[in-house]
Amino acid sequence: MLKRLFALQRELDTRIEKEHGLENQDLMDKKILALLVELGELANETRCFKYWSKKPAAKREVILEEYVDGIHFILSIGLNLAIEDQLQLVEQTEKRDLVQQFHYVFDSIAAFRKEINMKNYQSIFAEYILLGKLLGFSVEEIEKAYKMKNEVNHKRQDQGY
Ligand SMILES: O=c1ccn([C@H]2C[C@H](O)[C@@H](COP(=O)(O)OP(=O)(O)OP(=O)(O)O)O2)c(=O)[nH]1
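Summarised in this report is the structure supplied together with it. (Residues numbered from 1 in each chain as written. Predicted model: local features only at pLDDT ≥ 70, side-chain atom pairs only at ≥ 80, totals over all residues. Heavy atoms only, no water.)

**A few points about helix α5 (residues 118–134)**
An α-helical segment advances 3.6 residues per turn. Residues three or four places apart therefore align on the same side. Operational definition: Under the scheme used here, helices are H or I runs from DSSP no shorter than 4 residues and strands are E runs no shorter than 2 residues, and both carry numbers assigned from the N terminus. By definition here, a helix of n residues has an expected span of 1.5 Å times n minus one. Throughout, exposure labels follow a simple rule: accessible area from a 1.4 Å probe, protein chains only, divided by the maximum for the residue type, with under 20% read as buried, over 50% as exposed, and the rest as partly exposed. Whether two residues are in contact is decided by their heavy atoms: any pair within 4.5 Å suffices.
For α5, spanning 17 residues, the distance from its first C-alpha to its last is 24 Å, which sits close to the expected 24 Å at 1.5 Å a residue. Among the 17 residues of α5, 12 are classified as buried, and the element is accordingly described as predominantly covered. Among all positions of α5, only M118, N120, Y121, Q122, I124, F125, A126, E127, Y128, L130, L131 and G132 are buried. Contacts made by the buried residues of α5 are with α1 (2–19), α2 (28–46), α3 (60–81) and α4 (98–114). At the exit of α5 stands G136, carrying a positive phi of roughly 90 degrees.

Right, here's the structure in full:
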């Protein structure tokens with residue numbers, strides 16, 4: 001699955017960079033910030049930290065769409081590192097709640113920015129997958145939603161987004 005997703009991401013990223021004349025630019029810092037912002041948007045839709053409110057979480061499909069925006073940027077960062085073939089996912093097993101898990105993902109992204117290496121990248125990946133599990137998403141569901149959003153992203157580029 002990961003190989004397929006990396007391939008789709010590469011196609012999209014190449015397209016976006018061409019369209020915006022960014023082929024030789026280092027986009028790492030922007031991608032990291034984009035991922036942090038997506039993570040904030042995702043947390044906002046789950047409303048998991050809004051102890052002051054009774055309003056329920058957004059619909060499952062809205063949360064899944066936010067979640068796969070994050071997957072896009074994680075894959076895209078991986079392509080910058082050119083390490084997709086070495087990726088080994090270590091499964092996180094510790095029991096955590098959703099709020100804790102959001103913090104773990106934020107912390108892993110911050111650690112990666114400080115020290116951009118394979119180990120720290122793997123840790124973003126592992127924490128983000130666990131976040132998806134806590135949100136109740138299956139791997140198949142994530143892959144399907146990723147493909148749908150990837151197509152939307154291509155269409156946006158067609159329309160000069
Ligand atoms: O190099 C890139 C840049 C962006 N994206 C994707 C990731 C994500 O799926 C989408 C950007 O997020 P979003 O759809 O939230 O874009 P936006 O411009 O912030 O949209 P909106 O204003 O509707 O929130 O573009 C990539 O895959 N590669």
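**A few points about the side chain of D13**
Positionally, D13 belongs in helix α1. Not counting chain neighbours up to four residues away, the residues in contact with D13 comprise K31, S76 and L79.

**Overview of the packing of α3 against α5**
What counts is decided by this rule: Note on method: axes are straight lines fitted to C-alpha atoms, helices fitted across the in-contact stretch only, with angles between N-to-C directions ranging 0 to 180 degrees. By definition in this entry, angles of less than 35 degrees are roughly parallel, angles greater than 145 are roughly antiparallel, angles of 65 to 115 are roughly perpendicular, and the rest are oblique. Throughout, a crossing is termed right-handed when the near helix is turned clockwise from the far one, and left-handed when it is turned anticlockwise from it by less than a right angle.
Where α3 meets α5, the axes come as close as 11 Å, and the angle between the chain directions of the two elements is 165 degrees. Taken together, the axes of α3 and α5 are roughly antiparallel relative to one another. Of the two elements, α3 crosses α5, and the hand of that crossing is left-handed. Residues E66, Y67, G70, I71, I74, L75, I77, G78 and L81 of α3 form the contact with α5, whose own contacting residues are Y121, I124, F125, Y128, I129, L131 and G132.

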